[in-house]
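# Architecture at a glance
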Amino acid sequence: MFEKILKNLKSNPPLVHNITNYVTVNDCANVILAAGASPLMADDINEVEDIVSISNVLYINVGTLNARTVEAMVKAGKKANELDLPVILDPVGVGASKLRNESVEKLINEIDFSVIKGNMSEIKALYTNAKNTGGVDVQEDDLINDENIEESINFIKKVSGKFNCTIAATGVIDIVTDSERVSLIRNGNDMMSKITGTGCMAGSLVATYCGSNKNEIFDATVMAITVMGLSGEKAYRKIVEKSEGTGSFRTYLIDAVSLMDFKALKEGAKIESR
Ligand SMILES: Nc1ncnc2c1ncn2[C@@H]1O[C@H](COP(=O)(O)OP(=O)(O)O)[C@@H](O)[C@H]1O
Ligand SMILES: Cc1ncsc1CCOP(=O)(O)O
Ligand SMILES: [Mg+2]
């Protein structure tokens, strides 16, 4: 699976159109470059259709949404659907405010998404309209762990069925499902929750791999989440070795994505198919 996805990325590196937040935008651009693709950040309503038309995939992240960008997201998403490009949604912080809930509902109603990726609190808020008091971070009670794994898998499958797309729910254990296939990914490190942007970068990587593998959305998503987790492990080893902190961790994370190859993936991936 990895070999084919990587080969397609290498032979057809995608141009990734991102409409994303202003907190982690630079990390998203760098992680896309590190993976071997090209990022383009563009959110003006008068430009997005032109940009989608030259892109291979669209990543919509509502982290710092506002009325203006939501309209641009809808327009870009519709154009991407028309051109049959994968569209990825990161519903950052959904459940935390009325504006976020209404905007995400509008996006989901008007755009066909290939993948929705979020932490478990976001995925829960999406499905049940539950309040998300953690903001952009996962709430402690929602964390996916070995105790609640079966229940979590069944829940994420239901979410995938409802929204008719692949769902990637991230956390200590990540779950990816397209309703039928389920992969659990046990890569990653707790330090990934101590810097901002790991979720957004994971979304950018999902978009990157899907952009050159649009007929293999599930596998491309599993691969992206695995690359992110494995890179987190490598970055963590580096900072421990050098007694460094979270700032360096962020840099080493991007380094690790840029150095990732088939061999490292094959050796380090902790994927369980259910
Ligand atoms: N405690 C953890 N242990 C292992 N991996 C983690 C942990 N927290 C986050 N990650 C990883 O960090 C990435 C971002 O996930 P997450 O923190 O859930 O997203 P967000 O930043 O959107 O809340 C994912 O690849 C996930 O696997
Ligand atoms: C802190 C913050 N506030 C609005 S968007 C954002 C970044 C969230 O990034 P991530 O979901 O990757 O932690
Ligand atoms: Mg997030």
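This text gives an overview of the structure that appears in the document. (Residues numbered from 1 in each chain as written. Chains lettered and ligands numbered in written order. Predicted model: local features only at pLDDT ≥ 70, side-chain atom pairs only at ≥ 80, totals over all residues.)

## What about the pairing of strand E8 (residues 182–185)?
Side chains Ser183 and Ile185 project from E8 onto a buried face, and the interleaved Val182 and Leu184 project onto a face without burial. In the sheet, strand E7 (residues 174–177) pairs with E8 via four bridges, with the strands oriented antiparallel. Residue Thr177 lies in a different strand from E8, and its bridge partner there is Val182. Where E7 folds back onto E8 in an antiparallel hairpin, the turn is made up of four residues, including Ser179, whose phi is positive at roughly 90°. Pairing analysis gives three bridges linking E8 to strand E9 (residues 271–273), with the strands arranged antiparallel. Of the residues in E9, the one forming a bridge with Ile185 is Ile271. (Buried ≥ 20, exposed ≤ 12 C-beta atoms within 10 Å, placed from the backbone. Helix = DSSP H or I, 4+ residues; strand = E, 2+ residues; numbered from the N terminus. Pairing = 2+ DSSP bridges.)

## Observations regarding the packing of helix H6 (residues 120–128) against helix H7 (residues 149–163)
The relative placement of two packed helices is expressed as an angle between their axes plus a distance between the axes. Look at H6 against H7: their axes get within 10 Å of each other, and the N-to-C directions meet at 55°. The angle between the axes of H6 and H7 places the two elements in the oblique class. Between H6 and H7 the crossing geometry is left-handed. Residues Ile123, Leu126 and Tyr127 of H6 pack against Ile156, Val159 and Lys162 of H7. In the contact of H6 with H7, the residues fall into five nonpolar, no polar and one charged. (Axes fitted to C-alpha atoms, helices over the stretch in contact; angles between N-to-C directions. Parallel < 35°, antiparallel > 145°, perpendicular 65-115°, else oblique. Left-handed = near helix turned anticlockwise from the far one by under 90°. Contact = placed C-beta atoms within 7 Å. Nonpolar A, V, L, I, M, F, W, Y, C, P; charged D, E, K, R; others polar.)

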